Amino acid sequence: VGYGPDEVAARAAHEEGVRLFQAGRYGAAASQFENATLRWPKSDIASLALFHQAESYYWDKRFDKATQTYVKLLNEHPSTPKLDGAIDRIWRVAQYWESSHFKSPSRMPFGYNPIDKKRPTFDTIGNAIKLYDAIRLNDPTGPRADDAIMATAGIYFRRQQYADADYHYSLLRQEYPRSEFQFEAHLLGLQSKMKRYQGPDYDGTPLMEAQKLEKRIRLTFAGSLESDERSRRDETRGKLAAMVEERDLRLAAYYEATDHVLAARTVLARVVAQYPATPAAQKARARLAQLAGRPDMPDVPLEWFVELFPQNQERSAIDDITPLNPDADVTRIAEGPGDGQSTTR
(Lines give C-alpha, C1' and ligand atoms only; values in the text may rest on other atoms or scores of the structure.)
Protein backbone atom coordinates (compact mmCIF):
# COMPACT_ATOMS: atom_id res chain seq x y z
CA VAL A 1 0.00 0.00 0.00
CA GLY A 2 2.98 2.29 -0.50
CA TYR A 3 4.41 2.08 3.02
CA GLY A 4 7.05 -0.61 2.46
CA PRO A 5 10.83 -0.06 2.69
CA ASP A 6 11.85 2.95 0.66
CA GLU A 7 15.25 4.59 1.12
CA VAL A 8 14.27 7.74 -0.78
CA ALA A 9 11.17 8.23 1.37
CA ALA A 10 13.23 7.58 4.53
CA ARG A 11 15.78 10.24 3.61
CA ALA A 12 13.02 12.71 2.78
CA ALA A 13 11.30 12.07 6.12
CA HIS A 14 14.61 12.49 7.93
CA GLU A 15 15.34 15.79 6.20
CA GLU A 16 11.87 17.04 7.07
CA GLY A 17 12.43 15.98 10.68
CA VAL A 18 15.68 17.97 10.81
CA ARG A 19 13.89 21.04 9.45
CA LEU A 20 11.10 20.76 12.05
CA PHE A 21 13.63 20.14 14.84
CA GLN A 22 15.58 23.27 13.96
CA ALA A 23 12.32 25.20 13.97
CA GLY A 24 11.62 24.02 17.52
CA ARG A 25 8.65 21.83 16.55
CA TYR A 26 9.94 18.81 18.45
CA GLY A 27 6.72 16.76 18.50
CA ALA A 28 6.28 16.95 14.72
CA ALA A 29 10.00 16.29 14.23
CA ALA A 30 9.79 13.12 16.32
CA SER A 31 6.99 11.81 14.10
CA GLN A 32 9.05 12.40 10.95
CA PHE A 33 12.13 10.70 12.44
CA GLU A 34 9.99 7.73 13.46
CA ASN A 35 8.65 7.53 9.90
CA ALA A 36 12.24 7.49 8.61
CA THR A 37 13.13 4.51 10.82
CA LEU A 38 10.09 2.60 9.59
CA ARG A 39 10.68 3.29 5.87
CA TRP A 40 14.32 2.10 5.85
CA PRO A 41 14.88 -0.10 8.91
CA LYS A 42 18.20 -1.64 10.05
CA SER A 43 20.23 0.99 8.24
CA ASP A 44 22.46 3.94 9.04
CA ILE A 45 19.54 6.19 8.24
CA ALA A 46 17.38 4.37 10.80
CA SER A 47 20.15 4.57 13.41
CA LEU A 48 20.57 8.32 12.97
CA ALA A 49 16.81 8.88 12.83
CA LEU A 50 16.33 6.98 16.09
CA PHE A 51 18.88 9.18 17.81
CA HIS A 52 17.26 12.33 16.44
CA GLN A 53 13.83 11.04 17.44
CA ALA A 54 15.10 10.56 21.00
CA GLU A 55 16.64 14.04 20.90
CA SER A 56 13.29 15.48 19.83
CA TYR A 57 11.56 13.88 22.80
CA TYR A 58 14.38 15.07 25.07
CA TRP A 59 14.12 18.71 24.04
CA ASP A 60 10.34 18.44 24.22
CA LYS A 61 10.89 17.41 27.90
CA ARG A 62 9.18 14.06 27.36
CA PHE A 63 12.00 12.29 29.14
CA ASP A 64 10.28 8.93 29.51
CA LYS A 65 9.77 8.52 25.75
CA ALA A 66 13.23 9.98 25.11
CA THR A 67 15.01 7.39 27.26
CA GLN A 68 12.95 4.57 25.82
CA THR A 69 14.08 5.65 22.36
CA TYR A 70 17.73 6.01 23.40
CA VAL A 71 17.68 2.48 24.84
CA LYS A 72 15.97 1.20 21.68
CA LEU A 73 18.78 2.77 19.65
CA LEU A 74 21.44 1.01 21.76
CA ASN A 75 19.64 -2.32 21.52
CA GLU A 76 19.02 -2.23 17.78
CA HIS A 77 22.23 -0.46 16.75
CA PRO A 78 24.93 -1.33 19.34
CA SER A 79 27.68 0.04 17.07
CA THR A 80 26.03 3.42 16.57
CA PRO A 81 28.43 6.39 16.45
CA LYS A 82 25.95 8.18 18.71
CA LEU A 83 26.71 5.85 21.63
CA ASP A 84 28.40 8.48 23.79
CA GLY A 85 25.64 11.01 23.16
CA ALA A 86 22.90 8.52 24.02
CA ILE A 87 24.68 7.38 27.19
CA ASP A 88 25.14 10.98 28.32
CA ARG A 89 21.44 11.74 27.81
CA ILE A 90 20.36 8.60 29.67
CA TRP A 91 22.71 9.49 32.55
CA ARG A 92 21.30 13.03 32.80
CA VAL A 93 17.71 11.82 32.89
CA ALA A 94 18.51 9.10 35.46
CA GLN A 95 20.21 11.69 37.68
CA TYR A 96 17.21 14.01 37.34
CA TRP A 97 14.71 11.28 38.21
CA GLU A 98 16.79 10.13 41.17
CA SER A 99 17.11 13.61 42.66
CA SER A 100 13.43 14.35 41.96
CA HIS A 101 12.34 11.22 43.78
CA PHE A 102 14.33 11.88 46.94
CA LYS A 103 13.41 15.58 47.01
CA SER A 104 9.68 15.00 46.56
CA PRO A 105 8.79 11.29 46.66
CA SER A 106 5.33 10.37 45.42
CA ARG A 107 2.89 9.39 48.16
CA MET A 108 0.58 7.70 45.69
CA PRO A 109 0.39 3.90 45.35
CA PHE A 110 3.06 2.47 43.02
CA GLY A 111 4.65 5.93 42.84
CA TYR A 112 1.84 7.17 40.60
CA ASN A 113 2.61 10.54 39.04
CA PRO A 114 -0.34 12.01 37.12
CA ILE A 115 0.95 15.62 36.90
CA ASP A 116 4.65 15.98 36.17
CA LYS A 117 5.16 14.94 32.55
CA LYS A 118 8.94 15.08 32.93
CA ARG A 119 8.81 12.00 35.13
CA PRO A 120 7.42 8.50 34.46
CA THR A 121 3.80 7.85 35.25
CA PHE A 122 4.76 5.13 37.73
CA ASP A 123 7.79 4.42 39.94
CA THR A 124 10.22 7.22 39.16
CA ILE A 125 13.09 5.76 41.19
CA GLY A 126 12.61 2.29 39.73
CA ASN A 127 12.87 3.74 36.23
CA ALA A 128 16.02 5.61 37.23
CA ILE A 129 17.57 2.31 38.29
CA LYS A 130 16.59 0.79 34.94
CA LEU A 131 18.40 3.63 33.15
CA TYR A 132 21.54 3.08 35.23
CA ASP A 133 21.39 -0.61 34.34
CA ALA A 134 21.02 0.30 30.65
CA ILE A 135 24.21 2.39 30.86
CA ARG A 136 26.17 -0.43 32.45
CA LEU A 137 24.89 -3.12 30.08
CA ASN A 138 25.20 -1.15 26.83
CA ASP A 139 28.52 0.56 27.55
CA PRO A 140 30.30 -1.63 30.14
CA THR A 141 33.74 -0.14 29.40
CA GLY A 142 32.58 3.45 29.10
CA PRO A 143 33.31 6.28 31.53
CA ARG A 144 29.80 6.17 33.02
CA ALA A 145 29.64 2.42 33.77
CA ASP A 146 31.12 2.58 37.27
CA ASP A 147 29.21 5.81 37.95
CA ALA A 148 25.96 4.00 37.12
CA ILE A 149 26.75 1.05 39.40
CA MET A 150 27.68 3.37 42.25
CA ALA A 151 24.50 5.39 41.78
CA THR A 152 22.37 2.23 41.78
CA ALA A 153 24.05 0.96 44.94
CA GLY A 154 23.51 4.33 46.59
CA ILE A 155 19.79 4.24 45.80
CA TYR A 156 19.40 0.81 47.33
CA PHE A 157 21.44 1.86 50.38
CA ARG A 158 19.29 4.95 50.96
CA ARG A 159 16.14 2.84 50.61
CA GLN A 160 17.54 0.32 53.15
CA GLN A 161 17.60 -2.49 50.60
CA TYR A 162 20.99 -3.60 51.86
CA ALA A 163 21.21 -6.94 50.04
CA ASP A 164 20.83 -5.19 46.66
CA ALA A 165 23.24 -2.45 47.72
CA ASP A 166 25.80 -5.06 48.80
CA TYR A 167 25.53 -6.82 45.43
CA HIS A 168 26.22 -3.63 43.45
CA TYR A 169 29.09 -2.53 45.69
CA SER A 170 30.60 -6.00 45.22
CA LEU A 171 30.07 -5.72 41.46
CA LEU A 172 31.95 -2.43 41.33
CA ARG A 173 34.83 -3.78 43.46
CA GLN A 174 35.24 -6.83 41.25
CA GLU A 175 34.55 -5.49 37.75
CA TYR A 176 36.06 -2.00 37.99
CA PRO A 177 39.22 -2.27 40.12
CA ARG A 178 40.55 1.08 38.84
CA SER A 179 37.38 3.01 39.61
CA GLU A 180 37.70 6.17 41.66
CA PHE A 181 34.91 4.79 43.84
CA GLN A 182 36.88 1.80 45.11
CA PHE A 183 37.25 3.04 48.68
CA GLU A 184 33.59 4.09 48.90
CA ALA A 185 32.52 0.75 47.44
CA HIS A 186 34.61 -1.10 50.04
CA LEU A 187 33.45 0.94 53.01
CA LEU A 188 29.77 1.18 52.04
CA GLY A 189 29.84 -2.49 51.03
CA LEU A 190 31.10 -3.30 54.51
CA GLN A 191 28.31 -1.26 56.07
CA SER A 192 25.76 -2.98 53.80
CA LYS A 193 26.93 -6.39 54.99
CA MET A 194 26.75 -5.27 58.62
CA LYS A 195 23.21 -3.96 58.11
CA ARG A 196 22.22 -7.22 56.41
CA TYR A 197 23.19 -9.00 59.63
CA GLN A 198 20.04 -9.34 61.73
CA GLY A 199 21.61 -10.15 65.07
CA PRO A 200 23.34 -12.96 66.98
CA ASP A 201 20.28 -15.21 66.77
CA TYR A 202 20.30 -15.22 62.96
CA ASP A 203 22.54 -16.30 60.10
CA GLY A 204 26.11 -15.09 60.56
CA THR A 205 27.16 -15.26 56.89
CA PRO A 206 26.95 -11.46 56.33
CA LEU A 207 29.09 -10.94 59.43
CA MET A 208 31.77 -13.38 58.23
CA GLU A 209 31.78 -11.70 54.82
CA ALA A 210 32.12 -8.33 56.56
CA GLN A 211 35.15 -9.56 58.50
CA LYS A 212 36.90 -10.60 55.27
CA LEU A 213 36.06 -7.29 53.60
CA GLU A 214 37.28 -5.29 56.61
CA LYS A 215 40.61 -7.10 56.47
CA ARG A 216 40.85 -6.36 52.75
CA ILE A 217 40.21 -2.67 53.43
CA ARG A 218 43.07 -2.55 55.93
CA LEU A 219 45.44 -4.28 53.52
CA THR A 220 44.42 -2.43 50.36
CA PHE A 221 44.11 1.13 51.62
CA ALA A 222 46.75 1.19 54.35
CA GLY A 223 48.62 4.49 54.25
CA SER A 224 46.63 5.97 51.36
CA LEU A 225 43.64 7.46 53.18
CA GLU A 226 42.85 10.96 54.36
CA SER A 227 42.22 11.56 58.04
CA ASP A 228 38.42 11.58 57.66
CA GLU A 229 38.53 8.36 55.65
CA ARG A 230 40.67 6.71 58.32
CA SER A 231 38.19 7.85 60.96
CA ARG A 232 35.30 6.31 59.02
CA ARG A 233 37.26 3.09 58.56
CA ASP A 234 38.18 2.85 62.25
CA GLU A 235 34.64 3.63 63.38
CA THR A 236 33.20 0.91 61.14
CA ARG A 237 35.87 -1.53 62.27
CA GLY A 238 34.96 -0.91 65.92
CA LYS A 239 31.27 -1.55 65.25
CA LEU A 240 32.09 -4.78 63.44
CA ALA A 241 34.31 -6.00 66.29
CA ALA A 242 31.51 -5.33 68.79
CA MET A 243 29.04 -7.32 66.69
CA VAL A 244 31.43 -10.25 66.40
CA GLU A 245 32.07 -10.24 70.16
CA GLU A 246 28.34 -10.16 70.87
CA ARG A 247 27.75 -13.11 68.55
CA ASP A 248 30.52 -15.17 70.17
CA LEU A 249 29.18 -14.48 73.67
CA ARG A 250 25.67 -15.47 72.57
CA LEU A 251 27.04 -18.66 71.01
CA ALA A 252 28.89 -19.51 74.23
CA ALA A 253 25.70 -18.90 76.23
CA TYR A 254 23.83 -21.30 73.95
CA TYR A 255 26.42 -24.03 74.46
CA GLU A 256 26.38 -23.42 78.20
CA ALA A 257 22.58 -23.64 78.34
CA THR A 258 22.69 -27.02 76.59
CA ASP A 259 25.47 -28.29 78.91
CA HIS A 260 28.05 -28.45 76.12
CA VAL A 261 30.58 -26.85 78.43
CA LEU A 262 33.66 -27.79 76.40
CA ALA A 263 32.29 -25.93 73.37
CA ALA A 264 31.38 -22.95 75.54
CA ARG A 265 34.90 -22.84 77.01
CA THR A 266 36.39 -22.99 73.49
CA VAL A 267 34.33 -20.02 72.29
CA LEU A 268 35.00 -17.98 75.44
CA ALA A 269 38.73 -18.69 75.24
CA ARG A 270 38.71 -17.47 71.64
CA VAL A 271 37.05 -14.21 72.72
CA VAL A 272 39.70 -13.69 75.40
CA ALA A 273 42.53 -14.44 72.94
CA GLN A 274 41.25 -12.26 70.10
CA TYR A 275 39.86 -9.31 72.08
CA PRO A 276 41.84 -9.33 75.36
CA ALA A 277 41.24 -5.68 76.33
CA THR A 278 37.51 -5.43 75.58
CA PRO A 279 34.44 -5.63 77.84
CA ALA A 280 33.53 -8.83 76.00
CA ALA A 281 36.80 -10.41 77.14
CA GLN A 282 36.02 -9.47 80.74
CA LYS A 283 32.63 -11.17 80.48
CA ALA A 284 34.27 -14.21 78.88
CA ARG A 285 36.79 -14.52 81.73
CA ALA A 286 33.98 -14.31 84.28
CA ARG A 287 32.01 -17.02 82.47
CA LEU A 288 35.12 -19.25 82.24
CA ALA A 289 35.58 -18.97 86.00
CA GLN A 290 31.96 -19.99 86.58
CA LEU A 291 32.32 -22.98 84.25
CA ALA A 292 35.31 -24.38 86.12
CA GLY A 293 34.61 -27.86 87.44
CA ARG A 294 31.57 -28.53 85.27
CA PRO A 295 31.67 -31.65 83.04
CA ASP A 296 32.64 -31.07 79.41
CA MET A 297 29.66 -32.85 77.87
CA PRO A 298 26.03 -33.33 78.95
CA ASP A 299 24.92 -36.66 80.37
CA VAL A 300 23.13 -38.92 77.91
CA PRO A 301 19.68 -39.80 79.30
CA LEU A 302 19.30 -43.57 79.76
CA GLU A 303 22.73 -44.18 78.24
CA TRP A 304 22.69 -47.84 79.32
CA PHE A 305 19.43 -48.32 77.44
CA VAL A 306 20.70 -46.55 74.31
CA GLU A 307 23.78 -48.79 74.22
CA LEU A 308 21.52 -51.84 73.88
CA PHE A 309 20.69 -50.82 70.31
CA PRO A 310 23.18 -51.29 67.43
CA GLN A 311 24.55 -48.32 65.50
CA ASN A 312 23.07 -47.56 62.09
CA GLN A 313 25.05 -48.49 58.98
CA GLU A 314 26.24 -44.95 58.20
CA ARG A 315 27.71 -44.40 61.67
CA SER A 316 29.30 -47.87 61.73
CA ALA A 317 30.95 -47.22 58.37
CA ILE A 318 32.45 -43.96 59.69
CA ASP A 319 33.80 -45.66 62.80
CA ASP A 320 35.45 -48.37 60.68
CA ILE A 321 37.53 -45.85 58.70
CA THR A 322 41.22 -46.09 59.56
CA PRO A 323 42.66 -42.66 60.43
CA LEU A 324 45.25 -41.32 57.97
CA ASN A 325 48.73 -41.31 59.54
CA PRO A 326 51.52 -40.03 57.25
CA ASP A 327 54.23 -41.17 59.69
CA ALA A 328 53.20 -44.80 59.19
CA ASP A 329 53.80 -44.59 55.40
CA VAL A 330 57.33 -45.93 54.70
CA THR A 331 57.36 -44.78 51.04
CA ARG A 332 58.49 -41.21 50.54
CA ILE A 333 59.10 -39.37 47.29
CA ALA A 334 61.85 -36.76 47.07
CA GLU A 335 62.91 -34.66 44.10
CA GLY A 336 66.58 -34.92 43.12
CA PRO A 337 68.31 -31.51 43.30
CA GLY A 338 70.31 -31.98 40.12
CA ASP A 339 68.49 -33.69 37.31
CA GLY A 340 64.93 -33.41 38.62
CA GLN A 341 64.45 -37.19 38.64
CA SER A 342 62.37 -38.73 41.42
CA THR A 343 63.93 -41.19 43.84
CA THR A 344 62.23 -43.45 46.34
CA ARG A 345 63.65 -44.36 49.72
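Please refer to the structure placed before this passage.
Residues numbered from 1 in each chain as written. Predicted model: local features only at pLDDT ≥ 70, side-chain atom pairs only at ≥ 80, totals over all residues. Heavy atoms only, no water.

Draft legend 1. Seen up close, the side chain of Ser192. Assignment of secondary structure puts Ser192 in helix α9 (residues 182-196). Every residue in contact with Ser192, bar those within four places of it in the chain, is listed here: Phe157, Tyr162, Ala165, Asp166 and Tyr169. (Helix = DSSP H or I, 4+ residues; strand = E, 2+ residues; numbered from the N terminus. Contact = heavy atoms within 4.5 Å.)

Draft legend 2. Fine view of the packing of aromatic side chains. All chains considered together, the criterion is met by ten aromatic pairs. Between Phe157 and Tyr162, the ring centres sit 5.4 Å apart and the planes meet at 75°, which makes this aromatic pair edge-to-face. The buried category is assigned to Phe157, whose relative accessible area is 18%. Aromatic ring contacts, followed pair by pair, group Tyr58, Trp59, Phe63 and Tyr96 into a single cluster. Stacked on the ring of Phe102, the Lys or Arg Arg158 has its end atom at 3.7 Å from the ring centre. (Phe/Tyr/Trp six-rings, centres within 6.5 Å; stacked < 30°, edge-to-face > 60°. Buried < 20%, exposed > 50% of the residue type's maximum accessible area, 1.4 Å probe, protein only. Lys NZ or Arg CZ within 6 Å of the ring centre and 35° of its normal.)

Draft legend 3. Fine view of helix α10 (residues 205-220). For α10, spanning 16 residues, the distance from its first C-alpha to its last is 22 Å, which sits close to the expected 22 Å at 1.5 Å a residue. Of the positions making up α10, those classed as buried are Pro206, Leu207, Ala210, Leu213, Glu214 and Ile217. In an axial view of α10, the angular spread of the buried residues amounts to 120°, which keeps them on one side of the axis. Opposite the buried face of α10, by more than 90 degrees, sit the exposed residues Lys212 and Leu219. Elements in contact with the buried residues of α10: α8 (162-175), α9 and α11 (227-257). (Expected span 1.5 Å × (residues − 1). Arc of directions from axis to C-beta.)

Draft legend 4. The nonpolar core, seen in detail. Counting residues in each nonpolar core, the largest one holds 44 residues, and the members touching the most others are Tyr70, Ile90, Tyr132, Ile135 and Tyr169. Elements represented by at least two residues in this core include exactly α3 (44-59), α4 (63-76), α5 (83-103), α6 (124-138), α7 (145-158), α8 and α9. The element best represented in this core is α7, accounting for nine residues. Setting aside chain neighbours within four positions, we find Tyr132 in contact with Trp91, Ala94, Gln95, Glu98, Ala148, Ala151, Thr152 and Ile155. Judged by nonpolar contacts, the second largest core, of 25 residues, contains Leu187, Leu190, Leu240 and Leu291. (Core = buried A, V, L, I, M, F, W, Y, C linked by side-chain atoms within 4.5 Å.)

The analysis is restricted to geometry; functional conclusions fall outside its scope.
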